[in-house]
Amino acid sequence: LHKSEVSYDSYASFRDLIAENEVVKVKILMIDPESKKVSLSIKRMEKDPWDTLWEEYHEGDIINVKVKRIERNHMWVNIVQYVDAMLYKRETLLQENQELSDNFKEGDELEVQITELNPKRRRIVVSQASIIRAEEQKQLDDYKKKMEQENEVESNPLKGIFQAALGDLKDK
């Protein structure tokens, strides 16, 4: 029984998953009479968590995650059991000179946006910064729209007079 066939949790230690002499249910993957080897799997007795992930989550979704592991330039955050995403340091709200390990700890809850979802590679990338960028873009778009409306009123004074009069009528 190879470690990779014990659990979908790629970070778990083999010893944490199975005790010596423990009886477990397994699925037979292959029997090779020539080499007299049998390939077994415990994890394939369960449903693969990645199979339904693509139905529930999409690029652009804003979700809550928990920090699972912190490395120098990125963190692994947990989306659902056995499914982790990568959050690069540049996609956090930290400055370049700030360290991930000084600002986050395992178990911290974060709001992130899914920026990459690759089913074939079983890869998910998330971002905190993209949420802020989207909010800033919305504010900029709203401001531009407001300025365009004001400029339209300035270039057509009668339109401004009619809009003001209609506004007064609505208030009464």
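Small disclaimer: the values here were computed from a predicted structure and weren't measured. (Residues numbered from 1 in each chain as written. Predicted model: local features only at pLDDT ≥ 70, side-chain atom pairs only at ≥ 80, totals over all residues. Heavy atoms only, no water.)

Q: Even after reading the chapter, I still don't get the overall build of the protein, so can you show me in this structure?
A: Secondary structure assignment for the protein yields five helices and seven strands. If you list the helices and strands of the protein from N to C, you get α-β-β-α-β-β-β-α-β-β-α-α. Across the 172 residues of the protein, 29% fall into the buried class. The long-range share in the protein, meaning contacts at least 24 apart out of those at least 6 apart in sequence, stands at 53%. (Helix = DSSP H or I, 4+ residues; strand = E, 2+ residues; numbered from the N terminus. Buried < 20%, exposed > 50% of the residue type's maximum accessible area, 1.4 Å probe, protein only. Contact = heavy atoms within 4.5 Å.)

Q: Explain a nonpolar patch on the surface here, please?
A: Judged by side-chain polarity, Leu1, Phe14, Val24 and Val26 come together as a nonpolar surface patch covering roughly 280 Å² of accessible area. Relative accessible area serves as the criterion here: at 31%, Val26 is assigned to the partly exposed category. (Patch = residues over 30% accessible without salt bridge, like charges linked within 9 Å, V, L, I, M, F, W, Y side chains within 5 Å. Areas by Shrake-Rupley, 256 points an atom, 1.4 Å probe, with all protein chains shown as cover. Salt bridge = Lys/Arg side-chain N within 4 Å of Asp/Glu carboxyl O.)

Q: Is there a simple way to think about the pattern of salt bridges in this case?
A: A pair can form between side chains of opposite charge whenever their charged atoms are brought close. Overall, the coordinates contain four salt bridges when judged by the stated rule. Between Glu116 and Arg123 there is a salt bridge; the shortest N-O distance is 3.1 Å. Note on Glu116: relative accessible area 25%, which makes it partly exposed. Among the residues examined, Arg123 registers a relative accessible area of 21% and is labelled partly exposed.

Q: Looking at this structure, I do not really get the nonpolar core. What am I missing?
A: Within the largest apolar cluster, 21 residues are counted, with the highest numbers of intra-cluster contacts made by Val77, Ile79, Leu110, Ile124 and Val126. For this core, the secondary structure elements donating two or more residues are α2 (49–56), β3 (62–70), β4 (74–80), β5 (83–88), β6 (109–118) and β7 (123–127). At four residues, the largest contribution of residues to this core is made by β6. (Core = buried A, V, L, I, M, F, W, Y, C linked by side-chain atoms within 4.5 Å.)

Q: Looking at this structure, I do not really get the pairing of strand β1 (residues 27–32). What am I missing?
A: On a regular strand, each side chain points to the face opposite its neighbour's, so the side chains alternate between the two faces of the sheet. Sheet topology note: the β1/strand β2 (residues 37–41) ladder contains five bridges and is antiparallel. Bridging across to β2, Met30 finds its partner in Ser39. Here β1 folds back onto β2 in antiparallel fashion, the turn holding four residues, of which Lys36 has a positive phi close to 60 degrees. (Pairing = 2+ DSSP bridges.)

Q: Would you explain the environment of Phe104 in this entry?
A: Relative to the helices and strands, Phe104 resides in the loop between α3 (100–103) and β6. Taking the relative accessible area as the measure of exposure, Phe104 reaches 12% and is therefore buried. Discounting residues that sit within four places of it in the chain, Phe104 has contacts with Ile70, Met75, Thr92, Leu94, Leu110 and Gln128.

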